[in-house]
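Secondary and tertiary structure notes
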There are 2 protein chains.
Amino acid sequence: AGSMATVEELKLRVRELENELIKCKQRQCAAEDAHNRPRIDKMSAEVVDSNPYSRLMALKRMGIVDDYEKIRTFAVAVVGVGGVGSVTAEMLTRCGIGKLLLFDYDKVELANMNRLFFQPHQAGLSKVEAAEHTLRNINPDVAFETHNYNITTLDNFTHFMDRISHSGLEEGKPVDLVLSCVDNFEARMAINTACNELGQIWMESGVSENAVSGHIQLIIPGETACFACAPPLVVAANIDEKTLKREGVCAASLPTTMGVVAGLLVQNVLKYLLKFGTVSYYLGYNAMQDFFPTMAMKANPQCSDRHCRRQQEEFKKKEVERPKVEAVQPEEEEIIHEDNEWGIELVSEVSDAELQAASGAVPDLPEGITVAYTVPAGEKVSGDTVEETEVSLEDLMAQMRKL
Amino acid sequence: AGSMATVEELKLRVRELENELIKCKQRQCAAEDAHNRPRIDKMSAEVVDSNPYSRLMALKRMGIVDDYEKIRTFAVAVVGVGGVGSVTAEMLTRCGIGKLLLFDYDKVELANMNRLFFQPHQAGLSKVEAAEHTLRNINPDVAFETHNYNITTLDNFTHFMDRISHSGLEEGKPVDLVLSCVDNFEARMAINTACNELGQIWMESGVSENAVSGHIQLIIPGETACFACAPPLVVAANIDEKTLKREGVCAASLPTTMGVVAGLLVQNVLKYLLKFGTVSYYLGYNAMQDFFPTMAMKANPQCSDRHCRRQQEEFKKKEVERPKVEAVQPEEEEIIHEDNEWGIELVSEVSDAELQAASGAVPDLPEGITVAYTVPAGEKVSGDTVEETEVSLEDLMAQMRKL
């Protein structure tokens, strides 16, 4: 009877434990499932609390965007998923972009927690893996493609070129836009080289090492200055250069400056893709004085990148072939490139004459904008263009890395 | 022997189940614990991956901020934890603010997912509860105090006044700054009334209903115009008013515009609290043209809020009593309020004469800035000030609600 009782007791204990285990597992699943919302096939403008797109579709009713749903047809590549890139990716995800390609080779660290997006529990994960997980939970309607590598090595660069030229929303087609959110010269130059070769329109972004200035820039190969046409431009923060250039100094960063730059960047992306407002060529942000310089710069005919020069020739041909239409000019603003190939109207504060004058290596810069670096000693500068030299991009990049 | 075997089998099964249950529970705890990092007693500038403050402390080395650690001594109240307020709270949390007070009475909905911060699995939770949970995980060094109520009802308003005047970092002291991130006139006016009575410095923020413009504003009771001195100012978006005012139309919103406004707001907060750069009185953001107007507006001596008029009298007395120092003026910028009571230097693009001219109900506004509403018909306007009338703030607010 004693052993029979033990069997009954044991059976009861087994049932208890089984029930508890099921409950425990259910709690885990619920915690994981709760992160998801079901996919939505068609964006709706219905004004109900459960519609994640109602406030975006309202942009049509408000007269801002003609066809908001078109956002789902675009693929955007974000290179660099740090302080600016992660917020950029989150904004595009919440806006319902069709496809996001993320490139980064870094890991999440607690030292990143002074910027938005990543959370302490993600420390140690690769940035692209952590970002994809968070972004999928936020919006499962977006398609993601992530690459955990450094685009500047030869093999990876070839793969990167292949993905941006073939991994659009429809496989085989190019992406619609490449966004540079990287933090170093080498990676920017790699993106520049790839986009020049492919004729891929891209946007640049950057934040200064002292955390109080930043900028965004639209680069249209053959038309606006590329990174080899002229040194990258930055917003002057009036800080002693010596403080910045000290060896081994850890760069400062702020969630504010990076959030503002990401916001201005994605706003420019939305305006460009959805055809509303004025797309900015260059927009700077000086946080110390709350000052936002704008400018535009034409491509340099003596650019050291042969693909840039080729794109310039092709652009010139298209300009000549284009039927000349008597453009009706509005009274207050001068619209430049009225019916350009990408179908958007660009209104600029700079006149055509100023744009022309701005061509070359070191253009006449508006107050507060300066070049990110000066031409290394030994390079001859004549007039407003850099003379073509035998110095290759690789040499220049090697020189830059030493600085 | 059969029943003995069964006992052995059952005992084995119990052990198996117990082990599995322990593992399941450990997984749950690990998932929860992983969200936390240990508290940090003292901010360190050490450049290691595990230091969440290294990139902020670097602001000292970069010559931007004299004493970054001081951030821990400040308490900031954020009223409204929506598209702007949630990102504002996250930025301040990541910057390591001492204490955050959050006020909101709304619930998280899927319809909020087009803005940053909240996640789909939080739908249904109160915004302050969901925000506190996320923010504590991001930075456990910040003290949080949340209030899930509408500040405009009488009881709640009294409680709100009590908290902002007594819930500083040191209990009993006032908070250092109040940030308005609300989306309606009534709540803004309630904050205005409370801050005028308490002499509490605050900052306003706002985003237009068409999602493409926004602004931030610094309000110093008795010195700069309060919300009763002059109608709130907004950045014109050149959109047909009729489109905006249509009945029952769901307002549009974008994560970009709200992220930019939150970034500009918290940047102004950091500049104000940590004494660097130029604190902006008013900074607008027009996303369509990437245009950022600035301005300043003096308090209106005929303001309908008696506490504002009292603060103006007190400010005048202090100005008279203050020892007159021959201020050394820098050549390029005119520093106004050189040694004002809050110890920061305010540099403005507007001259003193312009600031004076800007006093009154509807000041001479710079291009692109307009008033959020016009004085209701029947109110007499004489010169550049509104005549004092018997219309109470409550009446005016009732009139506004009807619009």
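In case you missed it, the structure is sitting above this.
Report on the accompanying structure. (Residues numbered from 1 in each chain as written. Chains lettered and ligands numbered in written order. Predicted model: local features only at pLDDT ≥ 70, side-chain atom pairs only at ≥ 80, totals over all residues. Heavy atoms only, no water.)

Looking now at the sheet that holds strand 5 (residues 202-207) of chain B. Judged by pairing direction, the sheet is mixed, and its 8 strands sit side by side in the order 3-2-1-4-5-6-8-9 (chain B) without closing on themselves. At either margin of the open sheet sits one strand with a lone partner, and together these are strand 3 (143-147) and strand 9 (294-295) of chain B. (Pairing = 2+ DSSP bridges. Helix = DSSP H or I, 4+ residues; strand = E, 2+ residues; numbered from the N terminus.)

Right, let's get into the sheet that holds strand 2 (residues 99-103) of chain A. Pairing is mixed across the open sheet formed by 8 strands, whose spatial order is 3-2-1-4-5-6-8-9 (chain A). Two strands in the sheet have a free side with no partner beyond their single neighbour: strand 3 (143-147) and strand 9 (294-295) of chain A.

Counting residues in each nonpolar core, the largest one holds 141 residues, and the members touching the most others are Tyr68, Leu100 and Leu179 of chain A together with Tyr68, Leu100 and Leu179 of chain B. Excluding its chain neighbours within four sequence positions, the residues that come into contact with Leu100 of chain A are Val76, Val78, Ala89, Leu92, Thr93, Leu135, Val142, Ala143, Phe144 and Glu145 of chain A. (Core = buried A, V, L, I, M, F, W, Y, C linked by side-chain atoms within 4.5 Å. Buried < 20%, exposed > 50% of the residue type's maximum accessible area, 1.4 Å probe, protein only. Contact = heavy atoms within 4.5 Å.)

Another aspect to go through is the relation of the copies chain A and chain B. The two copies are related by a screw operation: chain A maps onto chain B through 180 degrees of rotation and 0.1 Å of translation along the axis, at an RMSD of 0.3 Å. Both copies are brought into coincidence by an operation consistent with a two-fold rotation axis. Mapped onto chain B, 100% of the interface residues of chain A are again interface residues, and the two copies thus contact each other with one and the same surface. (Least-squares fit on C-alpha atoms with pLDDT ≥ 70 in both.)

Moving on, we get to helix 4 (residues 127-138) of chain B. Residues and elements named next belong to chain B. Its 12 residues give helix 4 an end-to-end C-alpha distance of 16 Å, which sits within 8% of 16 Å, the value for a rise of 1.5 Å per residue. A large share of helix 4 lies buried, amounting to 9 of its 12 residues. All of the buried residues along helix 4 are Lys127, Val128, Ala130, Ala131, Glu132, Thr134, Leu135, Asn137 and Ile138. Buried positions along helix 4 lie against helix 3 (85-95), strand 2 (99-103) and strand 3. (Expected span 1.5 Å × (residues − 1).)

In this section: the pairing of strand 3 of chain A. Residues and elements named next belong to chain A. Note that strand 2 and strand 3 share 5 bridges and pair parallel. Bridge pairing in strand 3 places Lys99 opposite Ala143. Each parallel crossover has a hand, and the one from strand 2 via helix 4 (residues 127-138) to strand 3 is right-handed. (Right-handed = clockwise from strand over helix to strand, strands pointing away.)

Our next topic: unusual backbone geometry. Comment: phi is negative for the bulk of residues other than glycine, and the bulk of peptide bonds are trans. Located in the positive-phi region is Asp290 of chain A, a residue other than glycine, with phi close to 50 degrees. Positionally, Asp290 of chain A belongs in the loop between strand 8 (282-286) and strand 9. Residue Asp290 of chain A is classed as buried on the basis of its relative accessible area of 5%. Residues other than glycine seldom take positive phi values, yet Phe117 of chain B does so here, at roughly 90 degrees.

Let us look at the pairing of strand 4 (residues 177-180) of chain A. Residues and elements named next belong to chain A. By the alternation rule, side chains of strand 4 split into Leu177 and Leu179 and Val178 and Ser180, which are all buried. When strand 1 (residues 75-79) meets strand 4, the two strands line up parallel, connected through 4 bridges. Counterpart to Val79 in the pairing with strand 4 is Ser180. One ladder, built from 3 bridges, connects strand 4 with strand 5 (residues 202-207); its direction is parallel. Looking at strand 5, one finds that Leu179 is bridged to Met203. The β-α-β motif built from strand 4, the intervening helix 6 (residues 185-198) and the parallel element strand 5 has right-handed crossover chirality.

Contact residues are listed per partner, giving 91 residues for chain A and 91 residues for chain B. Applying the counting criterion to the chain A and chain B interface returns 4 salt bridges. Its salt-bridge partner being Arg13 of chain A, residue Glu18 of chain B comes within 3.2 Å of it at the nearest N-O pair. Inspection of the region where chain A meets chain B yields 30 residue pairs in polar contact (both at pLDDT 80 or more). (Salt bridge = Lys/Arg side-chain N within 4 Å of Asp/Glu carboxyl O. Polar contact = N/O pair within 3.5 Å; in protein donor to acceptor, adjacent residues only side chain to side chain.)

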